[in-house]
Amino acid sequence: MRKTWKAIPYVLVILMLTVMVAACGKNGSGSKVDVGIVLPTKDEPRWVQDEKRFTDALGATKYKSEILFSQGSSAKEKENVDALIAKGIKVLIICPQDGDAAAAAAEKAKSAGVKVISYDRLITNTDAVDYYVTFDSVAVGKAQGQYLIDHAKGKGEPLYLYAGAATDNNAFLFFQGAWEVLQPKIADGTFKIANSSEAVTLSQQKDLKREEYSKIISQVTTNWDPNEAKNKAQTHLTSAAADLKGDVAILAPNDGTSRSIADVFASDKDIKSFVVTGQDAEKASIQYIIDGKQSMTVFKDVRNLVKDANGMAVSLLDGKTPDTTGVQNNGKVDVKAKQTDVIVVDQSNVKAALVDSGYYQASDFTGLK
Ligand code: BGC
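Conventions used here
Residues numbered from 1 in each chain as written. Predicted model: local features only at pLDDT ≥ 70, side-chain atom pairs only at ≥ 80, totals over all residues. Heavy atoms only, no water. Domains from an automatic or database assignment. Buried area = accessible area lost by both parts, 1.4 Å probe. Salt bridge = Lys/Arg side-chain N within 4 Å of Asp/Glu carboxyl O. Polar contact = N/O pair within 3.5 Å; in protein donor to acceptor, adjacent residues only side chain to side chain. Helix = DSSP H or I, 4+ residues; strand = E, 2+ residues; numbered from the N terminus. Nonpolar A, V, L, I, M, F, W, Y, C, P; charged D, E, K, R; others polar. Axes fitted to C-alpha atoms, helices over the stretch in contact; angles between N-to-C directions. Parallel < 35°, antiparallel > 145°, perpendicular 65-115°, else oblique. Contact = heavy atoms within 4.5 Å. Buried < 20%, exposed > 50% of the residue type's maximum accessible area, 1.4 Å probe, protein only. Pairing = 2+ DSSP bridges. Near = heavy atom within 4 Å. Areas by Shrake-Rupley, 256 points an atom, 1.4 Å probe, with all protein chains shown as cover.

Asks: Can you help me understand the domain arrangement of the protein chain in this one?
Replies: Interfaces are often sized by the amount of accessible area the parts lose when they come together. Its domain assignment divides the protein chain into domain 1 (32-129 + 302-339) and domain 2 (137-300 + 345-364). The C-alpha centroid of domain 2 is placed 29 Å from the C-alpha centroid of domain 1. Buried area between domain 1 and domain 2, both sides added, is near 1,300 Å², and the carbon and sulfur share of it is 35%. A salt bridge links Arg121 to Asp168, with the shortest nitrogen-to-oxygen separation between them at 3.0 Å. Counting across the interface, domain 1 meets domain 2 through 9 residue pairs in polar contact (both at pLDDT 80 or more). Contributions of two or more residues to the side of domain 1 that touches domain 2 are made by α2 (45-57) and α12 (302-317). In terms of residues, the side of domain 1 that touches domain 2 owes the most to one element, α2, which gives 4 residues. Each residue belonging to the side of domain 1 that touches domain 2 can be placed in one class, and the counts come to 3 nonpolar, 5 polar and 7 charged.

Asks: In this structure, what is going on with the packing of helix α6 (residues 169-187) against helix α8 (residues 210-220)? I would like to understand it.
Replies: Helix packing for two helices is described by the angle between their axes and how far apart those axes are. Between α6 and α8, the least distance of the axes is 10 Å, while the angle of their chain directions is 100°. The orientation of α6 relative to α8 falls into the category roughly perpendicular. Note on element contacts: α8 touches α6 through Arg210, Tyr213, Ser214, Ile216, Ile217 and Val220, opposite Asn169, Ala171, Phe172, Phe175, Gln176, Trp179 and Glu180. In terms of residue class, the contact of α6 with α8 is built from 8 nonpolar, 3 polar and 2 charged.

Asks: Where do I start with the side chain of Gln97 in this structure?
Replies: The topology assignment puts Gln97 in the loop between β3 (91-94) and α4 (103-111). Residue contacts for Gln97: discarding those within four places in its chain leaves Pro40, Gly72, Ser73, Ser74, Glu77, Arg121 and Thr167.

Asks: What is the right way to read the pattern of salt bridges from this model?
Replies: Oppositely charged side chains can pair when the atoms bearing their charge come close. A full pass over the atoms with the stated rule returns 20 salt bridges. A salt bridge links Lys52 to Asp56; its shortest N-O distance comes to 2.9 Å. In this pair, Lys52 and Asp56 are both assigned in helix α2, 4 residues apart and thus about one turn of the helix distant. When its relative accessible area of 48% is taken as the criterion, Asp56 is described as partly exposed. Among the salt bridges present, the one from Lys192 reaches Asp243, with a minimum N-O distance of 3.8 Å. Taken together, the residues Lys192 in strand β7 (residues 191-193) and Asp243 in the loop between α9 (226-239) and β8 (246-251) connect sequence positions 51 residues apart. According to the relative accessible area criterion, Lys192 is partly exposed, its value standing at 30%. One salt-bridge network, held together by shared partners, links Arg46, Asp50 and Asp120.

Asks: Help me understand the sheet that holds strand β4 (residues 115-119) in this model?
Replies: Two pairing modes exist for strands in a sheet, parallel and antiparallel, and in both the strands are linked by backbone hydrogen bonds. Taking strand neighbours across the sheet as the criterion, the 7 strands line up as β2-β1-β3-β4-β5-β12-β11 in an open arrangement whose pairing is mixed. In this open sheet, the two strands that pair with only one neighbour each are β2 (65-69) and β11 (326-329). Averaged over neighbouring strand pairs, the angle between their axes works out to 25° when direction is ignored. Bridging between β4 and strand β5 (residues 131-135) involves 3 bridges; their strand directions are parallel. Considered in β5, the bridge of Ser118 is made with Tyr132. The strands touched by α12 are β1 (35-39), β3, β4, β5 and β12 (334-340); relative to β5, the strand with the most contacts, the crossing angle is about 165°.

Asks: Please clarify how the site of the ligand should be interpreted in this entry.
Replies: Taken together, 13 residues lie near the ligand, and Glu44, Arg46, Asp120, Asp168 and Asp280 sit nearest. Between Asn170 and the ligand, the recorded distance is 2.9 Å, taken from a side-chain N or O atom to an oxygen atom. One of the side-chain N or O atoms of Asn254 is found 2.9 Å from an oxygen atom in the ligand. Burial of the ligand by the protein amounts to 100% of the accessible area it has alone, namely 310 Å². Elements represented by at least two residues in the shell around the ligand include exactly α2 and α6. The residue inventory of the shell around the ligand, partitioned by class, reads 3 nonpolar, 3 polar and 7 charged.

Asks: Where do I start with the sheet that holds β8 in this structure?
Replies: In space, the 4 strands of this open sheet follow the order β7-β6-β8-β9, with parallel pairing throughout. The open sheet has two edge strands with one neighbour each: β7 and β9 (271-276). Between one strand axis and the next, the sheet turns through 35° on average, direction left out of account. With 5 bridges connecting them, β8 and β9 associate as parallel partners. Pairing of Val248 across the sheet is with Phe274, part of β9.

In structure tokens:
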């Protein structure tokens, strides 16, 4: 009897250790991980959405995942990949901070026998990418351009162009999609370009080469940074002549930059009205749309992208070949890709697309009808 009592502390210690080891195993830290997920930054709501949807989907499979953020740094991204390789991952799902710079991390993973899935943004100029899950990014740009065309007021409307970061292959795809629909409307005089001499020079050409897109994008890039977008918009409006004000159209590449560009245009007394695009259906932009401060967004249902990426990872871990819908060239090889559709959202369908679909709660917003 006394012996048994004495043994209790030891039993407790062993129990506690077992619980601690089990806990580590559950969240992935300190133990083996099957799927490593690396996302660009927590500073943009878009990627926090992805984190949430990945977390919601965890536990649905027998495999263990861990999510790390690169916080806007390719060096941090590489460290994250190294740490995940050290934990024994078999599949890496990675959204690169900089498409070219991430090639080194992908190559390291490949040489460790890890399958690499490029997520949302394509890793460029390397053969170390096995798969690509993405939204139809050209369709995102087309939807933005078409929205501006459908809401144009008369002839000769000033058109302000903004783009994403030139280090992100998607920025080219979005701009290309928009340019392909807007260019004929620039050529026929519906729009006049207000803020890019490079775009003016190329305005008679519908099909542009990458270097030509590069010239325009480097002039009107926001670097995906709302502050940079705000400063650029301020500079543009300060130097704009009277004929570039009044009713205007603005191609803004995503929601974060759209809100800051919209705020600048809204505060200029010579801007009578503006139509401004966006993408990502960020909560703050949904509120802006409800309030009439941002015209539209392109809703990319991250639940579907996460489902595709996880599905691919599980197929690979199960030794099967994942389903793909086509290929995308990354500058070096054709990468097998699975592409997901996007939805245009404005005041007319915001409730149906984002609340009735269960993506957000009605209580996340005010004034929703
Ligand atoms: C994504 C967008 C996002 C942007 C800035 C792009 O690659 O596709 O959804 O808004 O990066 O983070």
